[in-house]
Amino acid sequence: MKLAVGADHAGFDLASSLADWLRGLGHEVVQLGATSTERYDYPDASDLVACHILGGQADLGVLVCGTGIGVSIRANRYPGVRAAECTSTTMAELARGHNHANVLCLGSRILSPDEAKQITARFLESPEDPGDRHVKRVGKLDAERVC
Ligand code: RB5
């Protein structure tokens, strides 16, 4: 699978270890955003990952910041990007299944490295549920706003 892994400074170490681990599993991984723990603004990492998803260079993305919140807020400004912050494997599975999430957001200050790996693994192995009700609801995520 082609994966885009991005992070700000707070997420850099976790993103780097996730990227190495994912490469070891055979995925094609591009690491984006911070290149060290020097200050790096989290919306910029989201922009890069969103563009990789929308441009077709990546099938799925992973974004890491301190909480996972900031990266998810910015990534979700892009129609067609469905970024989900997950703090459990169940959330990761349902984000893929029900929400057809294409970007996983993780908090380096929230999760242990092992938890982050387990959540990422579940996200990647979980398929989108093609059920009509889910497709209909996911379609509404990018629909015209009502106000
Ligand atoms: C950086 O200190 C921190 O604010 C950022 O990584 C993230 O948690 C924002 O949502």
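Right above here is the structure, for reference.
Residues numbered from 1 in each chain as written. Predicted model: local features only at pLDDT ≥ 70, side-chain atom pairs only at ≥ 80, totals over all residues. Heavy atoms only, no water.

1. A short note on the pattern of salt bridges
Logical step 1: For the coordinates displayed, the defined rule picks out five salt bridges.
Logical step 2: Measuring nitrogen to oxygen at the nearest pair gives 2.7 Å for the salt bridge that ties R122 to E93. Separated by 29 residues along the polypeptide, R122 in helix α5 (residues 113–125) and E93 in helix α4 (residues 89–97) bring together distant segments of the chain.
Logical step 3: Here E125 makes a salt bridge to R122, at a shortest N to O gap of 3.7 Å. Taken together, the residues span about one helical turn, with E125 and R122 both in helix α5 at a distance of three residues.
Logical step 4: We classify E125 as exposed; its relative accessible area is 57%.
Logical step 5: Judged by its relative accessible area of 26%, R122 falls in the partly exposed class.
Logical step 6: Connected through salt bridges with shared partners, the residues E93, R122 and E125 form a single ionic network. (Salt bridge = Lys/Arg side-chain N within 4 Å of Asp/Glu carboxyl O. Helix = DSSP H or I, 4+ residues; strand = E, 2+ residues; numbered from the N terminus. Buried < 20%, exposed > 50% of the residue type's maximum accessible area, 1.4 Å probe, protein only.)

2. Concerning the packing of aromatic side chains
Given two aromatic rings, their pairing is described by the distance between the two centres and the angle made by the two planes.
Logical step 1: Summed over all chains, the structure comprises zero aromatic pairs.
Logical step 2: The ring of F123 has R96 sitting right over it, with the charged end atom 5.7 Å from the ring centre. (Phe/Tyr/Trp six-rings, centres within 6.5 Å; stacked < 30°, edge-to-face > 60°. Lys NZ or Arg CZ within 6 Å of the ring centre and 35° of its normal.)

3. Quick word on the state of the cysteines
Logical step 1: This structure, assessed with the given rule, holds zero disulfides.
Logical step 2: C51 takes part in no disulfide bond, and the closest cysteine sulfur to it belongs to C105, at a distance of 15 Å.
Logical step 3: Its sulfur unpaired, C86 is 8.0 Å from the next cysteine sulfur, which belongs to C105.
Logical step 4: Residue C86 is classed as buried on the basis of its relative accessible area, which comes to 1%. (Disulfide = S-S within 2.5 Å.)

4. What about the sheet that holds strand β4 (residues 83–85)?
Logical step 1: Spatially, the five strands line up as an open sheet ordered β2-β1-β3-β5-β4, and their pairing is parallel. With partners counted over all chains shown, the strands left at the sheet margins are β2 (28–33) and β4, one partner each. Strand-to-strand, the axes of this sheet are offset by a mean angle of 20°, without reference to chain direction.
Logical step 2: Sheet topology places strand β1 (residues 2–7) next to strand β3 (residues 60–65); five bridges connect them, and they run parallel. Across the sheet, residue V5 finds its bridge partner in β3, namely V62.
Logical step 3: Along the sheet, helix α2 (residues 42–54) makes contact with β1, β2, β3 and β5 (103–107), crossing β3 at roughly 175°. (Pairing = 2+ DSSP bridges. Axes fitted to C-alpha atoms, helices over the stretch in contact; angles between N-to-C directions. Contact = heavy atoms within 4.5 Å.)

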